[in-house]
Structure formats: C-alpha cells, structure tokens
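Descriptive analysis of the structure
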Amino acid sequence: MDPDTFRGDVGVEGPDVYWRRRVSVLTGALVVVAVVAWACTSASGGSGPNSRHGGAAPKGGTATVTATPSTTLTATAPTPPPAAKAAVPTPAPVTPKPTPTPTQRPGDPCEKSDLVLSLRGEAEVYHRKGTPRFLLAVVNTGRVDCSVDVGPRAVEVRITSGDDRVWSTSDCLSGERKEVRRLRRGVPHVRMVDWDRHRSGPDCRASHPKAHDGTYVAMARLGTLRSPKVIFHLRRS
C-alpha cells in the first residue's frame with residue numbers, strides 16, 4: 001500500500017481514529033465468518049451439546065429430552081403338540097366253550113338233531129278212484145339206539161291246499177295212541193298213511209265232504225321237525 005495514503009488519512013483524522021476504524025472492520029469480518037461457520041456446523045448435524053438433544057433449547061425454556069422406549073424381546077418356547085392317546089387294544093372276542101353233553105345211553109330219548117323225517121307219495125296224480133298213499137319214515141342218525149314216539153298224535157301228516165287245512169292224521173283220534181319205538185342207527189321206522197280224499201276236522205261227528213279236484217301239498221311233522229313237501233294232484237277222470 002502507498003505510504004502516502006496512510007499519511008494523508010492520518011493527517012486528516014489522526015492516527016487514533018484511523019486504527020479504531022480498521023479494528024471495527026476486522027472485528028465485523030470475523031463475526032460474519034464465525035456465524036457462517038456455526039450455520040454450516042449446525043446444518044451438517046455437528047456433535048455439539050445441542051446436537052445431542054435434536055437442537056438448541058428455546059430461549060427462556062428448558063430443553064425436553066424424549067426417551068425412545070426400548071423394545072424387550074421375550075423368547076417364547078413353542079407349544080408342544082398334544083400327546084397322542086395310546087391306542088387301546090380291542091380284546092379278542094371270547095368264544096364260549098360248548099357245554100359238554102352228557103353221554104347218551106342206549107334206549108334214552110332221541111335227540112331232535114339225530115332224527116330225520118321223510119315223506120314220499122306213491123304217485124303224483126290220483127284219478128277218480130285213486131287213493132293217495134304216502135310212505136312215512138323216521139330215521140335215527142345218532143351213535144346209539146334211542147327211543148321216540150311215532151304214534152299218530154306225535155307224528156302228524158297234514159294235507160293242505162294253499163292256506164286251507166284240508167286233512168290231518170291228528171283229527172278224530174281216540175285213546176292215548178302213543179307208540180314209542182326204539183330206533184337203531186340208520187334203520188328207518190316206516191308207516192303207510194292213506195287219505196280217503198275227504199276233508200277232516202276236530203269234530204268227528206260232523207260229516208265231511210270230498211275234496212275237490214286240484215293240487216295239494218302233504219307234509220309230515222314231528223315236534224319241530226318237518227319233512228320235505230310232497231305235491232300231488234286229484235283228478236275226477
């Protein structure tokens with residue numbers, strides 16, 4: 001700088017006034033630089049005391065610090081699945097043992113399961129003068145001889161036509177008519193049964209008409225035993 005310049009300024013205003021002006025200008029420049037630096041530091045999120053609380057506290061007030069609650073993680077154990085029920089074994093069905101049958105002695109009453117009842121017709125068609133005739137047989141299939149009543153009250157031969165009961169050997173019987181026979185194994189007891197083609201009924205004093213021509217069924221009965229059915233026909237010619 002030109003020394004004359006300083007001299008002129010000093011000569012006009014004096015040296016004290018000159019230096020005071022220069023110090024004021026330099027001080028103002030420093031203040032501007034400090035403000036700019038402070039602004040830049042605040043914008044960049046500096047680490048000053050105010051930055052810890054998210055900015056400076058307002059004048060005349062108290063800075064409020066907001067604490068963010070921490071999240072606590074609790075480990076939860078997985079719930080175990082319900083225990084499977086133990087399979088209960090199903091007990092096997094118990095088959096009752098058959099009651100031992102006492103040994104049958106020869107001559108004792110026949111067991112129904114040991115008897116076979118059969119009936120056979122002499123012909124399939126009976127004309128005007130023909131008399132229906134049947135062969136009745138009772139057979140013992142047991143291991144020993146046994147006794148059974150084969151009389152007309154015990155063994156019945158019945159003739160029917162549909163639901164119509166036409167004739168029976170058990171109708172109009174007099175006396176006890178019991179006939180007990182001892183049957184050997186496999187040897188049949190045989191009896192012939194004839195039908196006079198008339199109807200029958202419990203009242204023996206009443207007259208019974210002849211049966212009409214048509215188809216009839218004969219069957220033998222002994223208690224709960226039944227023989228096979230015998231089908232035959234009556235003809236007038």
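Quick caveat: nothing in here was measured; it's all calculated off a predicted structure.

**Focus on the state of the cysteines**
In total, this model carries two disulfides according to the counting rule given. Each sulfur of the disulfide joining Cys-110 and Cys-146 lies 1.9 Å from the other. Its S-S torsion of about 90° marks the bond between Cys-110 and Cys-146 as right-handed, since a negative value means left-handed. Here Cys-146 lies in strand β4 (residues 146–149) and Cys-110 lies in the loop between α2 (15–43) and β1 (115–121), a separation of 36 residues in the sequence. When sorted by exposure, Cys-110 lands in the same class as Cys-146, which is buried. Put simply, Cys-172 and Cys-204 are joined by a disulfide, and their sulfur atoms are 2.1 Å apart. Taking the torsion about the sulfur-sulfur bond, which here is approximately -125°, the covalent link between Cys-172 and Cys-204 counts as left-handed. Here the residue Cys-172 occupies a position in the loop between β6 (164–168) and β7 (180–183), and Cys-204 occupies one in the loop between β8 (189–194) and β9 (214–222), the gap between them amounting to 32 residues. Given the relative accessible area of 44%, Cys-204 is considered partly exposed. Cysteine pairing in the chain follows 1-2, 3-4, where each cysteine in a disulfide is numbered by its order in the sequence.

**Observations concerning the sheet that holds strand β3 (residues 133–140)**
Spatial ordering of the open sheet is given by β1-β3-β8, a layout of three strands whose pairing is antiparallel. Every other strand in the sheet has two partners, leaving β1 and β8 as the edge strands with one partner each. For this sheet, the mean inter-axis angle between neighbouring strands, taken without regard to orientation, is 20°. Relative to β3, β1 is paired through seven bridges, and the arrangement is antiparallel. Note that in β3 the partner of Leu-115 across the bridge is Asn-140.

Quick notes on the rules
Residues numbered from 1 in each chain as written. Predicted model: local features only at pLDDT ≥ 70, side-chain atom pairs only at ≥ 80, totals over all residues. Heavy atoms only, no water. Disulfide = S-S within 2.5 Å. Helix = DSSP H or I, 4+ residues; strand = E, 2+ residues; numbered from the N terminus. Buried < 20%, exposed > 50% of the residue type's maximum accessible area, 1.4 Å probe, protein only. Pairing = 2+ DSSP bridges. Axes fitted to C-alpha atoms, helices over the stretch in contact; angles between N-to-C directions.

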